[in-house]
Each structure stands twice: as C-alpha cells, then as structure tokens.
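These are the residues of each chain, in order.
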Amino acid sequence: VQLQASGGGSVQAGGSLRLSCAASGRPSNSYTTAWFRQAPGKEREFVAAFRRSTRATFYADSVKGRFTISTDSAKNTVYLQMNNLKPEDTALYSCAAAPNLIVSSLYLPEKYYYWGQGTLVTVSS
C-alpha cells in the first residue's frame, strides 16, 4: 500500500482545509487509516483514524468537533476536513495505514506500517 497525502496550505485562524490521503491499490477491510501531525520541536501526535471494518472514527480530544475524517471507497481516499483551524493546529500532517489494529493501538504511530509523505498546514492568527 502506498499513500499520498495532499491538501495542506496556509490559512488564517477560523479557516478550513481538507486533506486527502490517496492509497494505491485497495486496502482491505482490515485496515485502519489515520492522520498524525508533528509540530516543530514536538512529538508526532494522533489526530484522527478511520477503521474500515466497522466504519468507526476516532479523534484526538484537541480536534473533536472541528475535524472530520471520512472516506471515498471508490477513490481509495481518506479525507480530513479541518474546520475552525487554530494556530496550534500548525504542523506537518501525515497519513498512515495498517491492518488488524486493535482500538487501543490505533492511536500509536509505531503501529502503522505504511506512511504517506507529509503535507504542511500553517494557521496564522
């Protein structure tokens, strides 16, 4: 599975962006696709995940109510709609995928096998 992330950019606080993570091939229903982000000088952190087997979604507390993860199965693409962006959302956003993750593991970047390149999101105040 190869992943390609896109859609980053620069916006003012309160603005919106939609990130895309396109997968080559067709990940099976056992896969979880997630978004992580890393701000300068900080560790990579979980943002959101979509579990194909149950179509369940998971979010970090810091983005709940503002970000939405969704999928277009026909396009093998997972989206991250980001609304009401804040300066603290500024980071390099990367998508990742892995099969057969249990719920307690999907928040952990080291559990993911496949990674796309990052896309930079910059939010100015």
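Here goes a summary of the coordinates provided. (Residues numbered from 1 in each chain as written. Predicted model: local features only at pLDDT ≥ 70, side-chain atom pairs only at ≥ 80, totals over all residues. Heavy atoms only, no water.)

This part takes up a nonpolar patch on the surface. A surface patch of nonpolar side chains, amounting to about 210 Å² of accessible area, comprises Val103, Tyr107 and Leu108. When you line up the elements, tyrosine 107 lands in the loop between β9 (91–99) and β10 (114–115). (Patch = residues over 30% accessible without salt bridge, like charges linked within 9 Å, V, L, I, M, F, W, Y side chains within 5 Å. Areas by Shrake-Rupley, 256 points an atom, 1.4 Å probe, with all protein chains shown as cover. Salt bridge = Lys/Arg side-chain N within 4 Å of Asp/Glu carboxyl O. Helix = DSSP H or I, 4+ residues; strand = E, 2+ residues; numbered from the N terminus.)

As a further point, take the pattern of salt bridges. On inspection of all chains with the given rule, the structure shows 4 salt bridges. One salt bridge connects arginine 37 with aspartate 89, and the closest N-O pair in it is separated by 2.9 Å. In this pair, arginine 37 sits in strand β4 (residues 31–38) while aspartate 89 sits in the loop between β8 (77–82) and β9, placing the two residues 52 residues apart along the sequence. Classification of arginine 37 as buried rests on a relative accessible area of 5%. (Buried < 20%, exposed > 50% of the residue type's maximum accessible area, 1.4 Å probe, protein only.)

This part takes up the side chain of arginine 66. Along the polypeptide, arginine 66 turns up in the loop between β6 (56–59) and β7 (67–72). A polar contact of 3.0 Å, which involves the side chain of arginine 66, links it to the backbone oxygen of asparagine 84. Only 2.7 Å separates the side chain of arginine 66 from the side chain of aspartate 89, close enough to count as a polar contact. Contacts of arginine 66, omitting those with residues within four sequence positions, involve Gln81, Met82, Asn83, Asn84, Leu85, Lys86 and Asp89. (Polar contact = N/O pair within 3.5 Å; in protein donor to acceptor, adjacent residues only side chain to side chain. Contact = heavy atoms within 4.5 Å.)

This brings us to the packing of aromatic side chains. The description of two aromatic rings rests on the distance between their centres and on the angle between their planes. In the structure shown here, the tally under the stated rule is 8 aromatic pairs. With a centroid separation of 5.8 Å and 75° between ring planes, the pair formed by phenylalanine 36 and phenylalanine 46 is classed as edge-to-face. Residue phenylalanine 36 is located in strand β4, and its partner phenylalanine 46 is located in strand β5 (residues 45–51); the two are separated by 10 residues in the primary sequence. Accessibility classification places phenylalanine 36 together with phenylalanine 46 in one group, the buried group. Ring geometry for phenylalanine 36 and tryptophan 115: centres 5.3 Å apart, planes at 45°, overall tilted. With a gap of 79 residues between them, phenylalanine 36 in strand β4 and tryptophan 115 in strand β10 connect regions that are remote in the sequence. Look at phenylalanine 36 and you get buried, because its relative accessible area is 1%. A cation over a ring is seen here: arginine 18 above tyrosine 79, with NZ or CZ 4.1 Å from the ring centre. Over the aromatic face of tryptophan 115 sits the side chain of arginine 44, whose NZ or CZ is 4.1 Å from the ring centroid. (Phe/Tyr/Trp six-rings, centres within 6.5 Å; stacked < 30°, edge-to-face > 60°. Lys NZ or Arg CZ within 6 Å of the ring centre and 35° of its normal.)

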